[in-house]
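Residue-level structural notes
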Amino acid sequence: MKLLFLGPPGVGKGTQAALVAKRYRIPAISTGEILREAMKAGTPVGLRAKTYVDQGLLVPDEVMIEIVDDRIRQGDCAKGFILDGFPRTVPQARALEEICQLDRIVYMTMADEAIVKRLSGRRVCDNCGATHHVDRLKGRTRCEGCGGNLILRKDDAPETVLNRLSVYHEQTAPLVEYYQGTGRLTAMDGAMPLDEGFAYIEGFLEHAESAGA
Ligand code: ADP
Ligand code: ZN
């Protein structure tokens, strides 16, 4: 099962992707996470990506296509995978099509104002990558899961969030129409409670499987 989670930054793609990955025992591939790791490790890709990521701009297509092409050829992707954060442009979608065909696309929606609120209050564990929201942390600064430090991602700073949103509307939103035509896309409200959202996605995927996708 090859899946794509599509939608604006902060809508909850990564969180749902992790749940679906566990349920179907396929890897969730977050290109944002891959880039952040490369940046932390100071690899050539990481150094090249940093100026773009820190400003909320997109890393050039050819860099991203190579990253994803390498990743989905690895053994753990043989039975399928979930893409979160790629493709993010029409050229990326075309390049992916050359490599494989996606079975289902889950499009998560949310209004811009709600996204700004979510991202500016988001804190990320610098050790395990788990995300938390200040509203629920009540002053705690450590990750519940692993005890790591909770930090504000540099690109979650308010001005950068606005950049990411305009980049999303200009370059990524056209993919909704691109995939809608295939009949393999469903749209869902990103504001749904986590378990309801997960149940909805599960229903969509089970239906997809019985249809032979
Ligand atoms: P979010 O979805 O919350 O914006 P991500 O973690 O997916 O955050 O991505 C963070 C940053 O990584 C993006 O703002 C962008 O700079 C870069 N990035 C991730 N995926 C891609 C991609 N497919 N194409 C170009 N840039 C990307
Ligand atoms: Zn943690």
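Here we summarise the structure given alongside this text. (Residues numbered from 1 in each chain as written. Chains lettered and ligands numbered in written order. Predicted model: local features only at pLDDT ≥ 70, side-chain atom pairs only at ≥ 80, totals over all residues. Heavy atoms only, no water.)

Another aspect to go through is the sheet that holds strand E2 (residues 28-30). If you walk across this open sheet you meet the 5 strands as E2-E3-E1-E4-E8, and the pairing is parallel. The open sheet terminates on both sides in strands that have one partner only, identified here as E2 and strand E8 (185-189). Each neighbouring strand pair of the sheet contributes to a mean axis angle of 20 degrees, computed without reference to strand direction. Strand direction decides the pairing type here: strand E1 (residues 2-6) and strand E4 (residues 104-109), joined by 4 bridges, are parallel. (Pairing = 2+ DSSP bridges. Helix = DSSP H or I, 4+ residues; strand = E, 2+ residues; numbered from the N terminus. Axes fitted to C-alpha atoms, helices over the stretch in contact; angles between N-to-C directions.)

Let us now look at the coordination of the zinc ion (ligand 2). The zinc ion (ligand 2) binds to the protein through Cys-125 (SG), Cys-128 (SG), Cys-143 (SG) and Cys-146 (SG); the donor distances cover 2.3 to 2.4 Å. Bound by 4 donor atoms, the zinc ion (ligand 2) shows angles of 97 to 117 degrees at the metal and therefore tetrahedral coordination geometry. One chain supplies every donor to the zinc ion (ligand 2), and in sequence these donors are spaced C-x2-C-x14-C-x2-C. Pair noted here: Cys-128 is in the loop between strand E5 (122-125) and strand E6 (131-133) and Cys-146 is in the loop between helix H7 (134-137) and strand E7 (150-151), with a separation of 18 residues, a long-range link. Overall, the relative accessible area of 45% leaves Cys-128 in the partly exposed class. (Donors = N, O, S within 2.8 Å, 3.2 Å for Na, K, Ca; no water. Tetrahedral: all angles 85-135°; square planar, octahedral: opposite > 155°, others 65-115°. Buried < 20%, exposed > 50% of the residue type's maximum accessible area, 1.4 Å probe, protein only.)

So, on to helix H3 (residues 44-55). Taken residue by residue, H3 has Gly-46, Ala-49, Val-53 and Asp-54 as its buried positions. Projected down its long axis, H3 shows its buried positions confined to an angular sector of 125 degrees, all on one face. When the buried face of H3 is taken as reference, the exposed residues oriented beyond 90 degrees from it are Pro-44 and Leu-47. Turning to H3, the residues buried within the fold contact helix H2 (31-41) and helix H8 (158-172). Taken from the residues just after H3, Gly-56 is the one with a positive phi, measuring 80 degrees. (Arc of directions from axis to C-beta. Contact = heavy atoms within 4.5 Å.)

Quick look at the nonpolar core now. In this structure, Leu-6, Ile-72, Leu-83, Leu-96 and Tyr-179 are the most contacted members of the largest nonpolar core, which totals 28 residues. If you tally residues by element for this core, the top one is helix H4 (residues 61-72), at 5 residues. Setting aside residues up to four positions removed in sequence, Leu-96 forms contacts with Ile-72, Leu-83, Phe-86, Pro-87, Leu-102 and Tyr-179. Counting 22 residues, the second largest nonpolar core, distinct from the first, contains Val-11, Ala-17, Tyr-24 and Leu-119. (Core = buried A, V, L, I, M, F, W, Y, C linked by side-chain atoms within 4.5 Å.)

Packing of H4 against helix H5 (residues 90-99) brings their axes to within 10 Å, and their N-to-C directions diverge by 30 degrees. Judged by the inter-axis angle, H4 sits roughly parallel to H5. Here H4 runs over H5; the crossing is right-handed. Contact residues: H4 offers Asp-61, Met-64, Ile-65, Asp-69 and Ile-72, while H5 offers Pro-91, Gln-92, Ala-95, Leu-96 and Ile-99. (Parallel < 35°, antiparallel > 145°, perpendicular 65-115°, else oblique. Left-handed = near helix turned anticlockwise from the far one by under 90°.)

Attention shifts here to the packing of aromatic side chains. Using the criterion set out here, one finds 1 aromatic pair in the structure. Judged by centre distance (5.1 Å) and plane angle (85 degrees), the rings of Tyr-178 and Tyr-179 are edge-to-face. For Tyr-178, a relative accessible area of 23% corresponds to the partly exposed category. When the ring centre of Tyr-24 is taken as origin, the NZ or CZ atom of Arg-23, which lies over that ring, is 4.4 Å away. (Phe/Tyr/Trp six-rings, centres within 6.5 Å; stacked < 30°, edge-to-face > 60°. Lys NZ or Arg CZ within 6 Å of the ring centre and 35° of its normal.)

Here the focus is the site of ligand 1. Near ligand 1 lie 20 residues; those nearest to it are Thr-31, Arg-36, Leu-57, Gly-85 and Arg-164. Between ligand 1 and the protein, one listed contact pairs a nitrogen atom with a side-chain N or O atom of Arg-88 at 3.1 Å. Alone, ligand 1 offers 550 Å² of accessible surface; in the complex the protein occludes 96% of this. The element best represented in the shell around ligand 1 is H2, accounting for 4 residues. Looking at the shell around ligand 1 residue by residue, the classes come out as 8 nonpolar, 5 polar and 7 charged. (Near = heavy atom within 4 Å. Polar contact = N/O pair within 3.5 Å; in protein donor to acceptor, adjacent residues only side chain to side chain. Areas by Shrake-Rupley, 256 points an atom, 1.4 Å probe, with all protein chains shown as cover. Nonpolar A, V, L, I, M, F, W, Y, C, P; charged D, E, K, R; others polar.)

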